[in-house]
Amino acid sequence: MSDHHKGDGSGVETFDARSPSRRRFLKTMGASSLAAATAPAWAQIAQAGQQQTEPVEPRDDGAPAEGEQQIRLTVNGVEHTLNVTPNAVLLDVLRDRLMLTGTKKGCDQGQCGACTLLVNDTAINSCLSLAVSHDGDRVTTIEGLSSGDELHPVQAAFWEHDAYQCGYCTSGQIMSAVAILNDDNIGSDDASVREAMSGNICRCGAYKNILAAVQDARGRMRGAS
């Protein structure tokens, strides 16, 4: 009998989720999902040919065409001059124009939190925000959190606490967590964190591990300051 099955006396084998092999399996499965949402350095492993792996070069669209408006966005430290239509949504501009696909499109109604990113260090739902309203703003997406191969403390904590399953909501969860950990007006107790993170839905139900990761990251960020 393998190390991850046990008999219960009835002749039926049962699965032991605590076994080392189960843990290794979860770590392996989690690597691809989290990598796509967190660390650009892992993106080739996660989604070869699909995920942004190279630094985004500054973009200058030149003179705007009729019906377009020129805006300047500083995204992950890189300034871009973009021509967009008045109804262009920030999420779509980042994903389709700058190829920063770590920010996910979920409900497209501002209800799930998958599209969360930071604008001037404040978390917003980018699916509800028009790009033209952010002319001159500083935008941080999940791709801009890590420093080279070194993960942001929140990313590292999510990895170590298995705070993800399918990984689709992970980038939004992480960006919200970064914002609340930098907000002195939000309490440090578990109830305050749950309330502050309530706009980020995890359909896989990894909330317990997400909470543990956020609180662990709190200590990491304090130690780094």
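In what follows, the accompanying structure is described.

About the criteria used
- For every chain, the first residue of the written sequence is number 1, and numbering continues from 1 along that sequence.
- Note on the predicted model: pLDDT of at least 70 is required for a residue's local features to be given, and 80 or more for side-chain atom pairs to be given and counted; whole-chain, interface and lining totals, by contrast, use all residues.
- The side-chain quantities take in all heavy atoms of the structure and omit both hydrogens and water.
- The way it works is that DSSP assigns letters per residue, a run of H or I at least four long becomes a helix, a run of E at least two long becomes a strand, and they are numbered from the N terminus.
- Burial classes follow relative accessibility: with a 1.4 Å probe on protein chains only, a residue under 20% of its type's maximum area counts as buried, one over 50% as exposed, and anything between as partly exposed.
- When checking whether two residues touch, look at their non-hydrogen atoms; a contact exists if any pair is within 4.5 Å.
- Two strands pair if DSSP finds at least two bridges between them.
- Side-chain atoms within 4.5 Å link the members of a nonpolar core, which is a set of buried Ala, Val, Leu, Ile, Met, Phe, Trp, Tyr and Cys residues.

Here we take up the overall build of the protein. In terms of regular secondary structure, the protein is built from seven helices and seven strands. Taking all 225 residues of the protein together, the buried fraction comes to 41%. Of the contacts formed within the protein by residues at least 6 apart in sequence, a portion of 55% connects residues at least 24 apart.

Here we come to the pairing of strand β6 (residues 122-125). With four bridges joining them, strand β5 (residues 116-119) and β6 adopt antiparallel strand pairing. Across the sheet, V119 pairs through a bridge with T122, a residue of β6. Following β5, the chain reverses through two residues before pairing antiparallel with β6; N120 in that reversal takes a positive phi of roughly 50°.

All right, on to the environment of F158 then. Tracing the backbone through its elements, the reader meets F158 in helix α4 (residues 153-160). Considered as a pair, F158 and A213 are 55 residues apart in the sequence and their alpha carbons are 5.2 Å apart.

Below, the discussion takes up the nonpolar core. Counting residues in each nonpolar core, the largest one holds 25 residues, and the members touching the most others are V154, F158, I174, L181, I210 and V214. Contributions of two or more residues to this core are made by α4, α5 (170-181) and α7 (207-224). The element that contributes the greatest number of residues to this core is α5, accounting for seven residues. Setting aside residues no more than four positions away along its own chain, L181 makes contact with V154, V214, A217, R218 and M221. With 16 residues, the next largest nonpolar core counts I71, L94, L100 and A131 among its residues.

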